[in-house]
Amino acid sequence: MTEETVAFDIEDGIAWVRFNRPEKRNCMNPALNRRMMEVLDQLEYRDDVGVLVLSGEGNAWSAGMDLKEYFRETEAKGLGAVRKAQGEAYGWWRRLRWYRKPTIAMVNGWCFGGGYGPLFACDLAFAADEAQFALSEINWGILPGGGATKVVVDLLSMRDAMYHALTGELIDGRKAAAWKLVNESLPLEKLKARVTEVANILLKKNPVALKATKDAIRRVGEMTYDNAEDYLVRAQEAANSYDNDGRKEGIRQFIDEKSYKPGLGAYDKAR
Ligand code: ACO
């Protein structure tokens, strides 16, 4: 059954990965966490995958951790089992945070608690207006763990983060966008088209520059200005060691060939 907890298709450079336990509102049990890591492994270095989109089957994105299988049944097996299950969940979220390809969360429905881990792990996030988000931990008597507190503190204002965590109240996609928990919210029937449009923008960019940029955005937040300046010089030089021709070609097509303008779009990386 493990394979069936995650579904995916690859189409025109985009890997569409889906939480696939719709009858359980895509809550994350240990089998799903293990399978998700395998799927991320399989997709990360494929040449036909340029962008990964994470969404959910049915009317949920993810109802957070599985209270029965991830919490109660695992705790019944002892601390070793608990730590193992935590490692499996946190492991694939971490893998996603530093994924080789740009990633987009396409939040089609319910998103609770532990779901904030993979939500934050995705570089960009687009939600349906109809989606519903909550840190519901407080409603069943725990603090928002597994990184969820860190996610709202990093993304929201202190007042919004505090209100969200203390009340456990639902917010819809529109409010999630206003609070900057996601980039944008739009009607569910338009969500996939918009995500496809954004993915296609990313597919046109230099992939080495995309990876260097997404890592830089995540890394520099915790650095002083001087440390960031130094890191960014070194990160670009490291990127050059993978692809030193791309940026030269980008300059050539603009300055010599005059075939595009970097201020208005990407150079043609096929040439
Ligand atoms: N853990 C375990 N089972 C779950 C979870 C979950 N997080 N979410 C849903 N399910 C199960 C239900 O128990 C039910 O199982 P059953 O069919 O065997 O009875 C099935 O999924 C469908 O759920 P319903 O509650 O019947 O679906 P409904 O559409 O009415 O409600 C809702 C959806 C609001 C998402 C509700 O299921 C819910 O509140 N789920 C829990 C959300 C939550 O607080 N998650 C934990 C966050 S904290 C954390 O992740 C650390």
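Here, every reference points to the structure presented above.
What you see is a predicted model; the values in this text were computed from it and never measured.

*Asks:* With reference to specific residues and values, describe a nonpolar patch on the surface.
*Replies:* Taken together, the side chains of Leu 67, Trp 140 and Ile 142 define a hydrophobic patch exposed on the protein surface, amounting to about 250 Å² of accessible area. Position of Ile 142 relative to the elements: it lies in the loop between α5 (137–140) and α6 (148–155). A residue is classified by how much of its surface remains accessible, and Ile 142, at 31% relative accessible area, is partly exposed.

*Asks:* Now, about the packing of aromatic side chains: what can you tell me, with residues and values included?
*Replies:* For the coordinates displayed, the defined rule picks out 9 aromatic pairs. Note on Tyr 90 and Trp 93: the rings are 5.6 Å apart at their centroids and 45° apart in plane angle, and the pair reads as tilted. Pair noted here: Tyr 90 and Trp 93 are both in helix α3 (residues 79–97), with a separation of 3 residues, about one helical turn. Residue Tyr 90 is classed as partly exposed on the basis of its relative accessible area of 29%. Judged by centre distance (6.4 Å) and plane angle (70°), the rings of Phe 254 and Tyr 260 are edge-to-face. Given the relative accessible area of 33%, Phe 254 is considered partly exposed. One cation-aromatic arrangement involves Arg 100 over Tyr 242; the distance from NZ or CZ to the ring centre is 5.4 Å. One Lys or Arg, Arg 219, reaches over the ring of Trp 98 and ends 3.9 Å from the middle of that ring.

*Asks:* An account of the environment of Trp 92 is needed here, citing residue identities and associated values.
*Replies:* Following the sequence through the fold, Trp 92 ends up in helix α3. Between the C-alpha atom of Trp 92 and that of Gly 117, which follows or precedes it by 25 residues, the distance is 9.5 Å.

*Asks:* I'd like a rundown of the layout of surface pockets, residues and numbers included.
*Replies:* Put simply, the largest pocket is a space of about 910 Å³. Lining the largest pocket we find 33 residues, and of these Phe 120, Cys 122, Leu 155, Ile 217 and Arg 218 sit closest to its centre. Mapped by element, the contributors of at least two residues to the lining of the largest pocket are α3, α4 (116–121), β7 (124–128), α6 and α10 (207–220). Looking at which element gives the most residues to the lining of the largest pocket, the answer is α10, with 6 residues. Residue composition of the lining of the largest pocket, by class: 16 nonpolar, 7 polar and 10 charged.

*Asks:* So what's going on with the packing of α10 against helix α11 (residues 225–242)? Which residues, and what values?
*Replies:* Where α10 contacts α11, the axes come no closer than 10 Å and their chain directions differ by 160°. The pairing of α10 with α11 is recorded here as roughly antiparallel in orientation. At the point where α10 passes α11, the crossing takes the right-handed sense. Where α10 approaches α11, its residues Val 208, Ala 212, Asp 215, Ala 216, Arg 219 and Val 220 are matched on the opposing element by Ala 228, Tyr 231, Leu 232, Ala 239 and Tyr 242. Of the residues assigned to the contact of α10 with α11, the class counts are 9 nonpolar, no polar and 2 charged.

Quick notes on the rules
- Residues numbered from 1 in each chain as written.
- Predicted model: local features only at pLDDT ≥ 70, side-chain atom pairs only at ≥ 80, totals over all residues.
- Heavy atoms only, no water.
- Patch = residues over 30% accessible without salt bridge, like charges linked within 9 Å, V, L, I, M, F, W, Y side chains within 5 Å.
- Areas by Shrake-Rupley, 256 points an atom, 1.4 Å probe, with all protein chains shown as cover.
- Salt bridge = Lys/Arg side-chain N within 4 Å of Asp/Glu carboxyl O.
- Helix = DSSP H or I, 4+ residues; strand = E, 2+ residues; numbered from the N terminus.
- Buried < 20%, exposed > 50% of the residue type's maximum accessible area, 1.4 Å probe, protein only.
- Phe/Tyr/Trp six-rings, centres within 6.5 Å; stacked < 30°, edge-to-face > 60°.
- Lys NZ or Arg CZ within 6 Å of the ring centre and 35° of its normal.
- 1 Å grid on protein atoms, 1.4 Å probe; cavity = no way out; pocket = protein on both sides within 12 Å on 5 of 7 lines; lining within 4 Å.
- Points joined across faces, edges and corners; volume = space filled by probe spheres on them.
- Nonpolar A, V, L, I, M, F, W, Y, C, P; charged D, E, K, R; others polar.
- Axes fitted to C-alpha atoms, helices over the stretch in contact; angles between N-to-C directions.
- Parallel < 35°, antiparallel > 145°, perpendicular 65-115°, else oblique.
- Left-handed = near helix turned anticlockwise from the far one by under 90°.
- Contact = heavy atoms within 4.5 Å.

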